[in-house]
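Given next are the chains, with one letter for each unit.
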Amino acid sequence: MKFGVVVNEGPYTHQASDSAYNFTKAALAKGHEIVRVFFYHDGVNNGTRLTVPPSDDRNIQENWSALAKEHELDLVLCIAAAQRRGILDENEAKRQGKDADNVAEGFRISGLGQLIEAGIQADRLVTFGD
Amino acid sequence: MSEDMEEGGTVKKFMYMNRKAPYGTIYALEALEVVLIGAAFDQDVSLAFIDDGVFQLTKDQNTDDIGIKNFSPAFRALGDYDVTKLYVEKESLAERGLTQDDLMDLVWEDEDDDWAEKPSIIMVSRDEMKKVLGDQDVIMSF
Amino acid sequence: MSILHTVNKSPFQKNDFSSCLSHANAGDAVLLIEDGVYGAVSGTEAAKQISSAEASVYVLGGDLAARGIASDKIADGITVVGYDGFVDLAAEHQAVNSWL
């Protein structure tokens with residue numbers, strides 16, 4: 001079965017991203033397909049490569065990046081939500097005249113249409129938030 | 001599953017759940033942004049306003065003093081995007097001391113009926129809302 | 001036609017849990033996750049609501065354990081599942097409604 005996953009909260013403050021990660025891993029282990037993981041609202045903060053959690057804590061961003069690499073997951077940060085919150089890829093940083101970009105490996109920035117498309121293409125859409 | 005084929009694509013019943021009040025958090029605004037983008041995908045779209053979500057539709061919102069954009073007028077544009085089914089739960093209104101008179105008058109123009117203006121707000125009881133929610137293919141929560 | 005509902009807030013803090021239960025149809029499933037698992041403890045007002053609910057109620061074991069809630073504290077009629085059970089529940093129902 002095809003699943004779409006939505007993450008509406010950032011890392012560490014809320015459990016949503018951890019829950020979504022555990023759900024995604026469990027779905028993959030059962031042989032399901034993850035058509036997309038879409039990060040919205042503060043969820044876009046999961047996609048910055050500049051987080052430095054303490055060494056005895058999990059690294060949520062790196063966990064997502066590694067899972068994406070292993071399973072060729074499509075991790076999409078909503079562009080409108082990302083711009084509001086200072087999450088930029090190289091192209092967007094240039095276009096907006098900013099001096100840095102911060103999108104982590106395995107994540108890409110795209111439009112809200114990708115969320116609707118996930119809802120259409122997936123058999124089930126599962127949302128994690130506050 | 002209501003997967004009728006239309007223009008070569010799948011039409012699903014999409015429900016946008018609105019259970020949060022505007023301004024205190026961004027969820028209501030960013031939910032509306034999804035609805036407006038989603039309108040381009042020709043799905044069978046409806047919105048549910050339950051619990052504090054009903055506060056999104058109240059009249060006379062004025063954000064001048066708080067420095068946040070008043071996005072309530074955008075609900076009036078939904079009809080132009082063919083988003084014409086806004087289910088509002090009667091019990092949620094009543095629990096908050098509101099009636100339909102406290103809500104904006106939202107309409108859409110029916111091109112199949114000589115562009116007659118028709119109400120977009122559909123008042124439903126909690127039991128009716130249960131049935132509407134149970135009939136969806138995709139439920140978007142914010 | 002049935003729905004999997006998820007609730008992730010403590011019923012002592014927010015109304016998501018009771019709102020979810022009052023919008024769940026017979027044949028639906030309700031899964032308590034994150035702080036929602038506090039609603040599964042026997043003797044609470046929430047557990048009373050569950051006993052009269054039309055939907056089947058499940059709770060995520062990992063979130064219970066994290067919060068130090070032993071399985072013998074769980075109210076009768078609630079089934080403990082893991083993340084794999086969460087995936088199965090999502091697959092078995094036509095849509096998932098997250099009560100955020």
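Residues numbered from 1 in each chain as written. Chains lettered and ligands numbered in written order. Predicted model: local features only at pLDDT ≥ 70, side-chain atom pairs only at ≥ 80, totals over all residues. Heavy atoms only, no water.

1. Looking at the overall build of chain C
Our working rule: The way it works is that DSSP assigns letters per residue, a run of H or I at least four long becomes a helix, a run of E at least two long becomes a strand, and they are numbered from the N terminus. Using C-alpha atoms as the atom set, the radius of gyration is obtained and then compared with a globule rule of 2.2 Å times the number of residues to the power 0.38. All accessible areas in this document rest on Shrake-Rupley with a 1.4 Å probe, and a residue is counted as covered only by the protein chains that are shown. When charges are counted, Lys and Arg contribute as positive and Asp and Glu as negative, whereas His and the chain ends are disregarded. To locate a charge, the coordinates of NZ of Lys, CZ of Arg, CG of Asp or CD of Glu are taken.
Secondary structure summary: chain C contains four helices and five strands in total. Walking chain C from its N terminus toward its C terminus, one meets helices and strands in the order β-α-β-α-β-α-β-α-β. Expected size for 100 residues packed as a compact globule is a radius of gyration near 13 Å; at 12 Å, chain C falls within 12% of this value. For chain C, the accessible surface area stands at approximately 3800 Å², while carbon and sulfur atoms represent 46% of it. Charged side chains of chain C number 5 positive and 12 negative; the gap between the two group centres comes to 11 Å.

2. Some thoughts on the interface of chain B and chain A
When the parts come together, some accessible area is lost, and that loss is often what is quoted as the size of the interface. Heads up, the rule is: Residues are treated as being in contact if the distance between any of their heavy atoms lies within 4.5 Å. Each of two parts loses accessible area, computed with a 1.4 Å probe, when they are put together; buried area is these two losses added. Criterion for a salt bridge: a side-chain nitrogen of Lys or Arg within 4 Å of a carboxyl oxygen of Asp or Glu.
With 21 residues of chain B at the contact, the number on the chain A side is 19 residues. Carbon and sulfur atoms supply 60% of the area that chain B and chain A bury against each other, a total of about 1700 Å² over both sides. Our count for the contact surface shared by chain B and chain A stands at three salt bridges. A salt bridge links Glu33(B) to Arg84(A), with the nearest nitrogen and oxygen atoms 2.7 Å apart. Looking at the side of chain B that touches chain A, the elements that each hand over two or more residues are β3 (13-18), α1 (27-38) and β9 (138-141) of chain B. At eight residues, α1(B) tops the list of elements feeding residues into the side of chain B that touches chain A.

3. Notes on the environment of Arg85(A)
Applied cut-off: Throughout this description, a polar contact denotes any pair of N or O atoms lying within 3.5 Å of each other; where both atoms belong to protein, one of them has to be capable of donating a hydrogen while the other can accept it, and for residues adjacent in sequence the pair is counted only when both atoms sit in side chains.
Examined against the element boundaries, Arg85(A) turns out to sit in the loop between α3 (79-84) and α4 (90-95). The sequence separation of Arg85(A) and His41(A) amounts to 44 residues, and the corresponding C-alpha distance is 8.9 Å. Residues within four places of Arg85(A) in sequence aside, it is in contact with His41(A), Asp42(A), Val44(A), Asn45(A), Ile26(B) and Glu30(B). Looking at Arg85(A), its side chain comes within polar contact range of the side chain of Glu30(B), at 3.0 Å.

By themselves, these are just geometric observations and shouldn't be taken as functional.
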